[in-house]
Amino acid sequence: GGGADSAAQDSPTYLNSPETPVVEKGRELYGLYQARRAIRDAGRVLVVEGYLDVVALAQAGVEYAVATLGTALTADHVRLLTRYTRNITALFDGDDAGRNAAARSFEIFSEAGLFGQAAFLPNGEDPDTFIRSRGKAALEAILERATPLADYYFSWLEQRYGKTLDGKSQIAGEVSRALAKVNNPFEMDLLV
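Residues numbered from 1 in each chain as written. Predicted model: local features only at pLDDT ≥ 70, side-chain atom pairs only at ≥ 80, totals over all residues. Heavy atoms only, no water.

Asks: What should I look at first to understand the overall build of the protein in this one?
Replies: Within the protein, the secondary structure is distributed over 10 helices and six strands. When each of the 192 residues of the protein is scored for burial, the buried share is 40%. Residue pairs in contact within the protein that sit at least 24 positions apart in sequence constitute 68% of those at least 6 positions apart. A total of about 11100 Å² of accessible surface is found on the protein, and carbon and sulfur atoms cover 50% of it. (Helix = DSSP H or I, 4+ residues; strand = E, 2+ residues; numbered from the N terminus. Buried < 20%, exposed > 50% of the residue type's maximum accessible area, 1.4 Å probe, protein only. Contact = heavy atoms within 4.5 Å. Areas by Shrake-Rupley, 256 points an atom, 1.4 Å probe, with all protein chains shown as cover.)

Set out below in structure tokens:
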């Protein structure tokens, strides 16, 4: 009889599930274990979308980068990073999708009780292609020009809705919805 051996042979050796108790993608960050020392040494962390971007950046000497595991950035990701530094910059594509993602990330950082920063690559570039073609110094120049996410969010809302009375009303609704996620009273006062 097969017994336990045949049962083991019938089960897959690797099960690719989106969430398991061991790996919760909304909390884990690719490359964080390897980047811990570099993050502390640099006093900053760079968040990118893809794990291949993390590999390319590390090969070029930018060793303080991490990536989400195929999910959007979450407040749990941000909280995890604050164990190493509060200086967190998210790197976005310069296209409309990247700019919209930057605006949405303001709420995620706020929920985590942190003011993050947004940096933007030139349109059509991703971290992998950018670092390979232009190098570490060019990327670090972009990071030096990073914008506080709160500033970016408010200017993005104004561009999106305009300065008319109706636009201001829509902006007020968006802002109040975003501020409802802020838990820290000091941070709330600053944002208001």
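Asks: What is the right way to look at the pairing of strand β2 (residues 45-48) in this model?
Replies: The side chains of a regular strand alternate between both faces of the sheet. Burial of the side chains of β2 extends over both faces: V45 and V47 are buried on one face and L46 and V48 on the other. Sheet analysis places β2 next to strand β4 (residues 88-92), joined by three bridges and oriented parallel. Considered in β4, the bridge of L46 is made with T89. Examined bridge by bridge, β2 and strand β3 (residues 65-68) share three bridges and lie parallel to one another. Across the sheet, V48 pairs through a bridge with A67, a residue of β3. Note that the unit made of β2, helix α3 (residues 51-59) and β3 has a crossover that is right-handed. (Pairing = 2+ DSSP bridges. Right-handed = clockwise from strand over helix to strand, strands pointing away.)

Asks: Could you clarify how one ought to interpret the sheet that holds β4 in this entry?
Replies: To summarise the sheet geometry, strands pair through backbone hydrogen bonds and adopt either a parallel or an antiparallel arrangement. Strands sit in the order β1-β3-β2-β4-β5-β6 across an open sheet of six strands; the sheet is mixed. Both outer strands of the open sheet, β1 (29-30) and β6 (147-148), are each paired with one neighbouring strand and no more. In the sheet, β4 pairs with strand β5 (residues 117-120) via four bridges, with the strands oriented parallel. Its bridge partner being in β5, T89 is matched across the sheet by Q117.

Asks: Any chance you could explain the packing of aromatic side chains here in plain terms?
Replies: Aromatic rings considered in pairs are described by the distance between their centres and by the relative angle of their planes. Scanning the entire structure with this criterion turns up seven aromatic pairs. Aromatic pair F120 and Y152: ring centres 5.2 Å apart, planes at 45°, arrangement tilted. Of this pair, F120 sits in strand β5 while Y152 sits in helix α8 (residues 149-161), and the two are 32 residues apart along the sequence. Just as F120 is buried, Y152 falls in that class too. (Phe/Tyr/Trp six-rings, centres within 6.5 Å; stacked < 30°, edge-to-face > 60°.)

Asks: Just checking my understanding: could you explain the nonpolar core for this structure?
Replies: Soluble globular proteins: nonpolar side chains tend toward being buried together. Counting 57 residues, the largest nonpolar core has L46, V66, L91 and L139 as its most contacted members. Broken down by element, this core gets its largest block of residues, seven residues, from α8. Setting aside residues no more than four positions away along its own chain, L91 makes contact with L46, V47, V48, A119, F120, L121, P127, L139, I142 and L143. (Core = buried A, V, L, I, M, F, W, Y, C linked by side-chain atoms within 4.5 Å.)

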